[in-house]
Amino acid sequence: MRPGRTGWILSFRGKTVLGIALIEIVLLAILVWSSLSYLGDSSARSIAERASATATQLAALAKDAVLSEDLASLETFADEVMANEQTAYLRVIGHGNLLVQRGTPEVLAKPYQADSAQVRPADGVFDADAPIREGGMDFGRIELGISTKGQEQLFGEARAHLLGIATIEVVLVALFSILLGTYLTRALDGLRGAAQAIIEGGPGSTVPVRGRDEIADTARAFNAMSERLRRSYTELDEARRRAEAAAEEAEAASAEATRANAAKSRFLAHMSHELRTPLNAVLGTLDLAEDWVLPAEQHAQLGIARDAGRALLELINNVLDLSKIESGEMDLYPERADLVALVRAAAAMVLPLAQAKGLTLEVRLDPRLPRTVSVDPVRLRQVLINLAGNAVKFTAAGRIELRVETRCPGEACQRVRFEVIDSGIGIPSERQASLFDEFTQVNDPLSYDRRGGTGLGLAIAQRIVNLMGGSIHVQSAPGRGSCFWFELTLIPAELIAPPEPRRRAPSCRPAEQDARGALPILLVDDNQVNRMVAEATLRKAGYQVRIATNGAEALEAVCSEPIGSILMDVSMPVMDGIEASRRIRALSGYPGRVPIIAMTAHALKEEEDRCMAAGMDDFITKPFLRANLLAVLTRWHGQEAGSGEPR
């Protein structure tokens, strides 16, 4: 507990302890109550069955004595019956008369009334009777009372044991929840600090490292990347200053800067791949934790961790894009694309953010626009989403407008203008020149009014538009909003030669989809943590899973038993996923046609093409969203996932 503005605020660890303890207490109360009810009902039925059976047996034994009215035999018979300490009383009635009875006066004084097997007797004696019958006629009956004190004593002992066990379990759960709350609080603070440090500090900032788990590994990797990035920038700046100071060394300095920049880009690409591996485990674990039965407050805390992890992933993607651009490794992949649908899809991605702030997002399209053009749809959509997202971020009230119009309608090569207009805070003229530099934000870095972001989005968008043959410009003034615009030359569809169909491995889904759904999925990954997360995701979705740690083991598994589909990592020791896929495709019969889905931390188009060329059927990057992974498996495995039923 700690004081807040409106009272005492329960800490996250306290919420964890309280939440788990309350759930455990409720579950134990239900368990104890149902167990005691079952024991009580079982005891009552047992006494009723025993009393009825005993009365029936006694009626058969006393039949001859009753028919002959042999009172001496009946007296002896009654004494023998009463010798059993559980017998409370006995009455033998024959020919309408009470022939003999035994028991204490208090018990015999009570009028006889047979007890129900469903209700425990309140007086501690279960009353039962049985007819004395001969030749289909009733000559009398046996009335018998069985004491329930022994059963009640056993029931009391069982109740005491159950309550004792429940108390011990509550104490153990409370201790466990305290430890769990402490661990989660520390892990969440570290993860949140990692994202905030990079956002606010830029290259060179470090975050504290605690523990030896996946979150700690991510923090260490981030610190190494940040430090090396700072060194690379320092080396680059020094090289540039040397080139400016001495004209005769300009060419050598330029070459040195180029090499340093290429080295930095290669390092960033490598580090981005290495960071995706532990980040996949973090996001995958948090995704699985969404299904835990926890109070709303703890789900909110898990949401904070998930959002922080996704912020880290976005930063890694931005750094990877920037490194590819600066090293000249980013290529465009133009294809026939519906321009109107592309623009509307980009607006749809930003619309929820605008609606959450109460903003209006309008899309205005020139009716003279060519419907289908040749363009890289992924990169153009990335630029539009970045510009529209920035507009939403820096607009507190009003509207955002995404406008697309043609500058030369009817011509063979259309000049198309894209504009994103907002009614936000505006940008001072002295800051517009550096707006497209890396790690530059519209906010004053000394101001408390910070809106998040890494300062890489506009830099990446500008470089992508440059690759497309254009340039982003800005018109803005403080308090009067902003307009970001660029123009591209796009070729209409009627002038585009039809593309060659992309060659992929032949689909091998059988006509009987259930046949594949009943087979296991082969998970191939050399990283133990990633295997654990992926296996937990698959098993929770109801799939059977087989494990292999490299391509050689995967090849052996495919040959040893029927496999429904394969999730194949690419970078592995012994035999990588590319070589394993080629060898599997070389097999005869069904094993050579099993669907193979690449699952890799390499988020490059070239990597996807390499996987397809090796015979793989689909491609998914780490970290993956659970919904995306299950959607891909549903398409290739041939059975709807998520049923929760074991297979």
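Caption draft 1: Seen up close, the overall build of the protein chain. If you tally the helices and strands in the protein chain, you get 17 helices and 18 strands. A total of about 33100 Å² of accessible surface is found on the protein chain, and carbon and sulfur atoms cover 55% of it.

Caption draft 2: Geometry of the packing of aromatic side chains. Within this structure, the stated rule accounts for one aromatic pair. Between Phe418 and Phe486, the ring centres sit 5.0 Å apart and the planes meet at 15°, which makes this aromatic pair stacked. With Phe418 in strand β11 (residues 414-422) and Phe486 in strand β13 (residues 482-492), this pair connects stretches of sequence that are 68 residues apart. The same class applies to Phe418 and to Phe486, which are both buried.

Caption draft 3: View of the environment of Ile178. Within the secondary structure layout, Ile178 lies in helix α4 (residues 149-201). Under the relative-accessibility criterion, Ile178 is labelled partly exposed at 36%. Taking C-alpha positions, Ile178 is 9.7 Å from Lys15, a pair spaced 163 residues apart along the chain.

Caption draft 4: Structural view of the sheet that holds strand β4 (residues 97-103). Here four strands make up an open sheet; going across it, the order is β4-β3-β6-β5 and the pairing antiparallel. With partners counted over all chains shown, the strands left at the sheet margins are β4 and β5 (125-134), one partner each. Put simply, the sheet's adjacent strands are angled 15° from each other on average, direction ignored. Summarising the sheet, strand β3 (residues 87-94) and β4 pair through six bridges and their orientation is antiparallel. The residue of β4 that forms the bridge with Ile93 is Leu98.

Caption draft 5: Molecular detail of a nonpolar patch on the surface. On the surface, Ile168, Val171, Leu172, Leu175 and Ile178 cluster together into a nonpolar patch covering about 460 Å² of accessible area. Structurally, Ile168 is set in helix α4.

Caption draft 6: The arrangement of the side chain of Asp525 in detail. If you trace the backbone, Asp525 turns up in the loop between β14 (521-524) and α13 (528-540). By relative accessible area, which is 1% here, Asp525 ends up buried. A polar contact of 2.9 Å, which involves the side chain of Asp525, links it to the backbone nitrogen of Asn527. With residues near it in sequence (within four places) discarded, Asp525 still touches Asn530, Arg531, Ala548, Thr549, Asp569, Met572, Met599 and Lys622.

Caption draft 7: Representation of the environment of Cys611 in the model. Mapped onto the secondary structure, Cys611 falls in helix α16 (residues 605-613). For Cys611, a relative accessible area of 0% translates into the label buried. Look past the residues within four positions of Cys611 in its chain and what remains in contact with it is Val570, Ile578, Ala598, Met616 and Phe619.

Caption draft 8: Region of interest: unusual backbone geometry. Unlike most non-glycine residues, His95 shows phi in positive territory, near 55°. Within the secondary structure layout, His95 lies in the loop between β3 and β4. Here His95 falls in the partly exposed class, since its relative accessible area comes to 37%. Positioned with a positive phi, Val574 is a non-glycine residue whose angle comes to about 65°. Relative to the elements of secondary structure, Val574 occurs in the loop between β16 (565-568) and α15 (577-585).

Caption draft 9: Geometry of helix α9 (residues 377-393). With 17 residues, α9 should reach 24 Å at 1.5 Å per residue; the first-to-last C-alpha distance of 24 Å fits that figure. Along α9, the positions that sit buried rather than exposed are Pro377, Arg379, Leu380, Val383, Leu384, Leu387, Ala388, Gly389, Asn390, Ala391 and Val392. Capping of α9 at its N-terminal end is provided by Asp376; its side-chain oxygen lies 3.2 Å from the backbone amide nitrogen of Val378.

Caption draft 10: Structural detail: the packing of helix α8 (residues 339-356) against α9. Where α8 meets α9, the closest approach of the two axes is 9 Å, and the angle between their N-to-C directions is 35°. For the pair α8 and α9, the sense of crossing is right-handed. For the pair α8 and α9, contact is made by Leu339, Leu342, Val343, Ala346, Met349, Val350, Leu353 and Ala354 and by Pro377, Leu380, Arg381, Leu384, Ile385, Ala388, Gly389 and Val392, respectively. A breakdown of the residues in the contact of α8 with α9 according to their chemical character gives 14 nonpolar, one polar and one charged.

Caption draft 11: Representation of the nonpolar core in the model. The biggest cluster of nonpolar side chains holds 42 residues, and the ones touching the most others in it are Leu380, Leu384, Phe418, Phe484 and Phe486. For this core, the secondary structure elements donating two or more residues are α8, β9 (372-375), α9, β10 (399-406), β11, α11 (457-467) and β13. Non-local contacts of Phe484, meaning those with residues more than four positions away in its chain, are made with Leu387, Phe418, Glu419, Val420, Ile427, Leu435, Phe436, Leu458, Ile472, His473 and Val474.

Rules used throughout
All residue numbers here refer to positions counted from 1 along the written sequence of the relevant chain. For a predicted model such as this one, the threshold for reporting local features is a pLDDT of at least 70, and the threshold for listing and counting side-chain atom pairs is 80 or more; totals across whole chains, interfaces and linings nevertheless cover every residue. The basis for the side-chain values is all heavy atoms of the structure; hydrogens and waters are excluded. The numbering of helices and of strands both runs from the N terminus, where a helix is a DSSP run of H or I of at least 4 residues and a strand a run of E of at least 2. Each accessible area value is a Shrake-Rupley result obtained with a 1.4 Å probe; residue values ignore everything except the protein chains displayed when judging cover. Only Phe, Tyr and Trp rings take part, Trp by its six-membered ring, and two of them pair if their centres are within 6.5 Å. Stacked means planes under 30 degrees apart, edge-to-face means over 60, and tilted covers everything else. We call a residue buried when its accessible area falls under 20% of the maximum for its residue type, exposed when it is over 50%, and partly exposed in between, using a 1.4 Å probe and counting protein chains only. We treat two strands as partners when DSSP finds at least two bridges between them. Axes, fitted as lines to C-alpha atoms, cover a helix only where it is in contact. Angles between the N-to-C directions of the axes lie from 0 to 180 degrees. Patch definition: residues above 30% relative accessible area lacking any salt bridge, with like charges linked at up to 9 Å and the nonpolar side chains Val, Leu, Ile, Met, Phe, Trp and Tyr linked at up to 5 Å. Any Lys or Arg side-chain nitrogen found within 4 Å of a carboxyl oxygen on Asp or Glu counts as a salt bridge. Whenever a nitrogen or oxygen atom comes within 3.5 Å of another N or O atom, the pair is scored as a polar contact, on the condition that within protein one atom can donate a hydrogen and the other can accept it, and that pairs from neighbouring residues in sequence are kept only if both atoms are in side chains. We call two residues in contact whenever any of their non-hydrogen atoms come within 4.5 Å of each other. How far a helix is expected to stretch is found by multiplying one less than its residue total by 1.5 Å. Crossings are assigned a handedness: left-handed for a near helix turned anticlockwise from the far helix by less than a right angle, right-handed for a clockwise turn. Ten residue types, Ala, Val, Leu, Ile, Met, Phe, Trp, Tyr, Cys and Pro, are classed as nonpolar, four, Asp, Glu, Lys and Arg, as charged, and the remainder, Gly among them, as polar. What is meant by a nonpolar core is a set of buried Ala, Val, Leu, Ile, Met, Phe, Trp, Tyr and Cys residues, joined one to another through side-chain atoms within 4.5 Å.

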